[in-house]
Amino acid sequence: AQSVAQPEDQVNVAEGNPLTVKCTYSVSGNPYLFWYVQYPNRGLQFLLKYITGDNLVKGSYGFEAEFNKSQTSFHLKKPSALVSDSALYFCAVRSLMNTGFQKLVFGTGTRLLVSP
Amino acid sequence: DVKVTQSSRYLVKRTGEKVFLECVQDMDHENMFWYRQDPGLGLRLIYFSYDVKMKEKGDIPEGYSVSREKKERFSLILESASTNQTSMYLCASSRDLNQPQHFGDGTRLSIL
């Protein structure tokens, strides 16, 4: 079954420094990968997706993600962190169910804390 | 912008009650989803619907049912609420699974 793993429960970074939130995936076939962000007391918001094409994907709010097939990773990055980036980040992969339908499988989430 | 609206932000119910969580989307999306979110477990799919009156079980359907009588509305029903159903419930919609899912702000449900 398709799955994603987010190995860090929390990432701490100082404002202005680059940030990386890690995600590794396990799929059969070509992966369809997504990143979402959740601010306090809100639902998830879409940041970016990889389906095919360039390994570097650019998304909302200055975020980007690098798809690495050999390392089965899809890490989220930003060159310069803002305090307002502090939130919960989820990686997700499209997965085929036994019924033939498709669903998203989410990681457990990584809390990003950006200090002033 | 797509708007997904969940009827309640906070809800407190008692064990054994029948509980209805409502979700409405305004973008004519075919697909709608119900997830529950628990710390350390991420989001888990309860049910989804790919068309009016059509539904499919997700990963954790036990104790839940759903209803989709109109395209824009997807309801989650807890038939007989139990304390282990205390959680954050998130509704989402999408045109198809290659497109992003759009989420509501969630309902934090407490079962006492």
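Here the structure is a predicted model, which is why all the values come from computation and not from measurement.

As a further point, take the sheet that holds strand E8 (residues 73-78) of chain B. Residue and element names in this part refer to chain B. Strand order across the open sheet formed by 4 strands is E1-E3-E8-E7, with antiparallel pairing between neighbours. Each edge of the open sheet carries a strand with a single partner, namely strand E1 (4-6) and strand E7 (64-70). Between one strand and the next, the sheet's axes are offset by a mean angle of 20°, whatever the strand orientation. Alignment of E1 against strand E3 (residues 19-25), held across 3 bridges, turns out to be antiparallel. Note on E3: the bridge partner recorded for Val4 is Gln25.

Moving on, we get to the interface of chain A and chain B. At the interface, 23 residues of chain A touch 24 residues of chain B. Of the roughly 1900 Å² buried between chain A and chain B, counting both surfaces, carbon and sulfur atoms make up 56%. The tally of links from chain A across to chain B stands at 2 salt bridges. A salt bridge links Lys103(A) to Asp59(B); the shortest N-O distance between them is 2.4 Å. At the junction of chain A with chain B, the criterion picks out 6 residue pairs in polar contact (both at pLDDT 80 or more). Looking at the side of chain A that touches chain B, the elements with two or more residues in it are strand E5 (33-38), strand E6 (44-50), strand E10 (87-96) and strand E11 (102-106) of chain A. In terms of residue count, the dominant contributor to the side of chain A that touches chain B is E11(A) (4 residues). Of the residues contributing to the side of chain A that touches chain B, the split by class is 12 nonpolar, 7 polar and 4 charged.

Criteria and cut-off values
Residues numbered from 1 in each chain as written. Chains lettered and ligands numbered in written order. Predicted model: local features only at pLDDT ≥ 70, side-chain atom pairs only at ≥ 80, totals over all residues. Heavy atoms only, no water. Pairing = 2+ DSSP bridges. Helix = DSSP H or I, 4+ residues; strand = E, 2+ residues; numbered from the N terminus. Axes fitted to C-alpha atoms, helices over the stretch in contact; angles between N-to-C directions. Contact = heavy atoms within 4.5 Å. Buried area = accessible area lost by both parts, 1.4 Å probe. Salt bridge = Lys/Arg side-chain N within 4 Å of Asp/Glu carboxyl O. Polar contact = N/O pair within 3.5 Å; in protein donor to acceptor, adjacent residues only side chain to side chain. Nonpolar A, V, L, I, M, F, W, Y, C, P; charged D, E, K, R; others polar.

So, to be careful, I would describe these as geometric facts and stop short of saying anything about function.
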